Amino acid sequence: MTIARRKQERRELNRYLLREDWDVFGTLKFVNGRTIGSDTAQKLLRSYWNRIDRVFFGHAAARQKMRVPRWCFAHTGSDSENFHVHFLLKSPIADTEHACTALNAIWAQHHQQTAPLDKNWIMPVINRGRTVNYVTKEYWRLGSATLLDEISWDHTDHRELARYEHDAQAERISRAASPIWLRHARQALQAQQAAYDADDGNLVAKRG
């Protein structure tokens, strides 16, 4: 495929993403993205997102296919060897920052090979245009494979999200992450927000 064709496809993907409703940008890393291996990484990502869906929607995740709206992207870093995932997501709860802390806390505890809280990056979106350009920036290298369709989901009616925001959901979040992990994840989020502000929004790009 020519570079011109990939540029065109990327522009089309960017336009599609900008039409969608999302308010969280995230980066999920591994303890070692260079040695994780594709099969292991995919298994961990699938099981993580399945767990996230169950945490926020309970039995409806399986029975009604109620899932967190998300678009996931594979990146391999500047040397093409450091595998990690970026995502755009519609917060399933009104408190977007709490959703960010839960997502990070659950990933950090998910497996011995998933990265600790301060290595991931999950924040409310500040600039949609810059965020879209960032998550699709490896399209020139990976093509359509950068969009991980198998763990993405765009079929949820966003108007239905509020129906699941109740005490049972809050309890599931607390059980999945625990108050102490949520507190540490909140501190990680605050540190990331402060670093982002101090660096005029360029820190995410520098971190990969």
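Residues numbered from 1 in each chain as written. Predicted model: local features only at pLDDT ≥ 70, side-chain atom pairs only at ≥ 80, totals over all residues. Heavy atoms only, no water.

Assigned secondary structure in the chain consists of nine helices and four strands. The secondary structure elements of the chain, listed N-terminal to C-terminal, are α-β-α-α-β-β-α-β-α-α-α-α-α. Computed over C-alpha atoms, the radius of gyration of the chain comes to 16 Å, within 12% of the 17 Å expected from 2.2 N^0.38 for 208 residues, which places it in the range of a compact globule. Principal-axis analysis of the C-alpha atoms gives the chain an extent of 50 × 35 × 30 Å. Looking at the 208 residues of the chain, the share that counts as buried comes to 50%. Contacts in the chain between residues far apart in sequence, at least 24 positions, make up 78% of those at least 6 positions apart. When the accessible surface of the chain is summed, it comes to about 10,500 Å², and 48% of that surface belongs to carbon and sulfur atoms. Separation between the mean location of the 31 positive side-chain charges and that of the 24 negative ones in the chain comes to 3 Å. (Helix = DSSP H or I, 4+ residues; strand = E, 2+ residues; numbered from the N terminus. Rg over C-alpha atoms; globule rule 2.2 N^0.38 Å. Buried < 20%, exposed > 50% of the residue type's maximum accessible area, 1.4 Å probe, protein only. Contact = heavy atoms within 4.5 Å. Areas by Shrake-Rupley, 256 points an atom, 1.4 Å probe, with all protein chains shown as cover. Lys, Arg positive; Asp, Glu negative; His and termini not counted. Charge placed at Lys NZ, Arg CZ, Asp CG, Glu CD.)

For the rest of this paragraph, the subject is the nonpolar core. One broad rule of soluble globular proteins: the nonpolar side chains tend to lie buried together. Leu17, Trp49, Phe56, Phe87 and Leu88 are the most contacted members of the largest nonpolar core, which totals 60 residues. Residues contacting leucine 88, with those up to four places away along its chain left out, are Leu17, Trp22, Val24, Phe25, Pro69, Arg70, Trp71, Phe73, Thr131, Val132 and Val135. (Core = buried A, V, L, I, M, F, W, Y, C linked by side-chain atoms within 4.5 Å.)

A word on the environment of alanine 176. Structurally, alanine 176 is set in helix H7 (residues 167–177). C-alpha separation for the pair alanine 176 and histidine 110, spaced 66 residues apart in sequence, amounts to 9.7 Å. When residues no more than four places from it in sequence are discounted, the contact partners of alanine 176 are Arg51, Val55, Ile106 and Gln109.

As a packed pair, helix H2 (residues 38–57) and helix H4 (residues 96–110) sit with axes 11 Å apart at the nearest point and diverge in direction by 135°. For the element pair H2 / H4, the angle class is oblique. Remark: the crossing between H2 and H4 carries right-handed chirality. Across the interface between the two elements, Leu44, Leu45, Ser47, Tyr48, Trp49, Arg51, Ile52, Val55 and Phe56 of H2 pack against Ala102, Leu103, Ile106, Trp107 and His110 of H4. Here the contact of H2 with H4 is built from residues that sort into 11 nonpolar, two polar and one charged. (Axes fitted to C-alpha atoms, helices over the stretch in contact; angles between N-to-C directions. Parallel < 35°, antiparallel > 145°, perpendicular 65-115°, else oblique. Left-handed = near helix turned anticlockwise from the far one by under 90°. Nonpolar A, V, L, I, M, F, W, Y, C, P; charged D, E, K, R; others polar.)

Turning our attention to the sheet that holds strand S3 (residues 84–89). Taken together, four strands build an open sheet; the order of strands is S2-S3-S1-S4 and the sheet is antiparallel. This sheet does not close on itself; its edge strands, each paired only once, are strand S2 (70–75) and strand S4 (121–124). The sheet shows a mean angle of 15° between the axes of neighbouring strands, direction not considered. Bridging between strand S1 (residues 24–28) and S3 involves five bridges; their strand directions are antiparallel. If you follow threonine 27 over to S3, its bridge partner there is histidine 86. (Pairing = 2+ DSSP bridges.)

Tallied over the entire structure, the rule returns seven aromatic pairs. A network of ring pairs unites the aromatic residues Phe30, Tyr48, Trp49, Phe83, Phe87 and Trp107 as a single cluster. Note that arginine 67 overlies the ring of tryptophan 153, its terminal NZ or CZ placed 4.2 Å from the centroid. If you follow arginine 128 out to its NZ or CZ, it ends over the ring of tryptophan 22, 4.1 Å from the centre. (Phe/Tyr/Trp six-rings, centres within 6.5 Å; stacked < 30°, edge-to-face > 60°. Lys NZ or Arg CZ within 6 Å of the ring centre and 35° of its normal.)

A few words on helix H8 (residues 179–198). An α-helix turns once per 3.6 residues; consequently, residues spaced three or four apart project the same way. In this model H8 runs 29 Å from its N-terminal to its C-terminal C-alpha over 20 residues, within 8% of the 28 Å that 1.5 Å per residue would give. Where H8 is concerned, the buried positions are Leu182, Ala185, Ala188, Leu189, Gln192, Gln193 and Tyr196. For H8, the arc enclosing every buried residue in end-on projection is 140°, short of the 170-degree limit, so these residues lie on one face. The exposed residues of H8 that point more than 90 degrees off its buried face are Pro179 and Ala198. (Expected span 1.5 Å × (residues − 1). Arc of directions from axis to C-beta.)

In terms of residue burial, S2 counts as a mostly covered element, since six of its six residues are buried. In S2, alternate side chains face the same way, and those of Arg70, Cys72 and Ala74 on one face and Trp71, Phe73 and His75 on the other are all buried. The pairing of S2 with S3 spans six bridges and is classified as antiparallel. Opposite arginine 70, over in S3, you have leucine 89 as the bridge partner.

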